[in-house]
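Residue-level structural notes
Letter by letter, the chains look like this.
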Amino acid sequence: QPQSKKERIVNENTIAFYDAMKTKFATHRIYCPTPEDLGHKLRAMAQWNYSWRSERNQIEMELDLSGVLLDTIPHFTGGMGIKIENTSDRIQKVVINGKPHFAFDEQVIILPNLKKGVNKVVATLGPHASPEARLTYISKRMPAIEQKGGTIEVQVISKTTARCSFFAPEAAVVLNADWQEWNRAGDGMLNASVTSGRKLILKQIGGGEFAITRAAARIVDYKGESSSVTLTLQASAQPDAALWFRSAKAPRSVMLGNQKLEYKKSERDFNVALPEFFGQADLVIGF
């Protein structure tokens, strides 16, 4: 907004600014808030109270949102990060308000939505990074993340493209993502993106004989057996929909519904181009 007794500065053209931001978003793990999201996050940092103490290998923090002026502020803390510096140790475990938390990398804790009151964050540090599967990066609001059985469910709020990364030491799939790629650099990272808000589910692929290495298609369910793998796909408008997978055995057949699909072998991966379909369909890979 214009400052008092000053004219608002209006640029003739903002295309260069948007081009620069688009390039940075595509090449860096940065957070991309909407104006409303950014405003609430800035108000949260200006209005909350915080304290911390350390003992041995633990850091205990309190984020007190009791005095924030807007009741909506706690609903916008999801996606904010707490960075732990001045130590060579790495984050190994996080507990928020008494519950295990599954969103952090070696230095940064990714917060969910907090409560309007005192929030307690406990981080356990150690010489090595955590070997457990978890969310390590997200570019949009994340109101909640929780572990359910063998899956990790992440709520994402976005009206545009949202990117995220999971650490998945063993083969896994991100259900409901529009695009994903696993272990490209041999580091166990599973990168994914969505084009709208939804629930993402990180599901482990057991056995070690099959892995989805890349998918330009929305996978909504996965079932693996000794003789076949079934992927339930959701139709989408994205062009060049395809699936790349790695298997200890060569596929005997690849079927989309009643349609037999051809596959190609490229180095260690098999590649299947997906034809147009409507609604949901099962892609069955038989061995």
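Residues numbered from 1 in each chain as written. Predicted model: local features only at pLDDT ≥ 70, side-chain atom pairs only at ≥ 80, totals over all residues. Heavy atoms only, no water.

Further remarks concern helix α1 (residues 15–27). Residues spaced three or four apart along an α-helix point in a common direction, a consequence of the helix completing one turn every 3.6 residues. When the terminal C-alpha atoms of α1 are compared, their 19 Å separation across 13 residues agrees well with the 18 Å that a helix rising 1.5 Å per residue should span. Among the 13 residues in α1, one count as buried, and that is only a small part of the element. (Helix = DSSP H or I, 4+ residues; strand = E, 2+ residues; numbered from the N terminus. Expected span 1.5 Å × (residues − 1). Buried < 20%, exposed > 50% of the residue type's maximum accessible area, 1.4 Å probe, protein only.)

The four strands are arranged β9-β10-β15-β12 in an open sheet whose pairing can be described as antiparallel. Pairing within the sheet leaves two strands with one partner each, and these edge strands are β9 (145–148) and β12 (172–175). Strand-to-strand twist across the sheet, computed as the mean angle between neighbouring axes with direction ignored, equals 20°. The sheet contact formed by β12 and strand β15 (residues 198–204) spans four bridges and is antiparallel. Across the sheet, residue V173 finds its bridge partner in β15, namely K203. (Pairing = 2+ DSSP bridges. Axes fitted to C-alpha atoms, helices over the stretch in contact; angles between N-to-C directions.)

Put simply, side chains in a regular strand alternate between the two faces of the sheet. Of the strand pairs in this sheet, strand β4 (residues 90–96) and strand β7 (residues 118–126) are connected by six bridges, and their pairing is antiparallel. The residue bridging V94 from the neighbouring strand is A123, located in β7. As paired elements, β4 and strand β5 (residues 99–101) share three bridges and run antiparallel to each other. The residue bridging V94 from the neighbouring strand is H101, located in β5. Connecting the antiparallel pair β4 and β5 is a turn made up of two residues, with N97 showing a positive phi of about 50°.

Within the largest apolar cluster, 52 residues are counted, with the highest numbers of intra-cluster contacts made by L135, V154, I212, I219, L231, L243 and L283. Counting residues in each nonpolar core, the second largest holds 21 residues, with I91, I109, L111 and V121 among its members. (Core = buried A, V, L, I, M, F, W, Y, C linked by side-chain atoms within 4.5 Å.)

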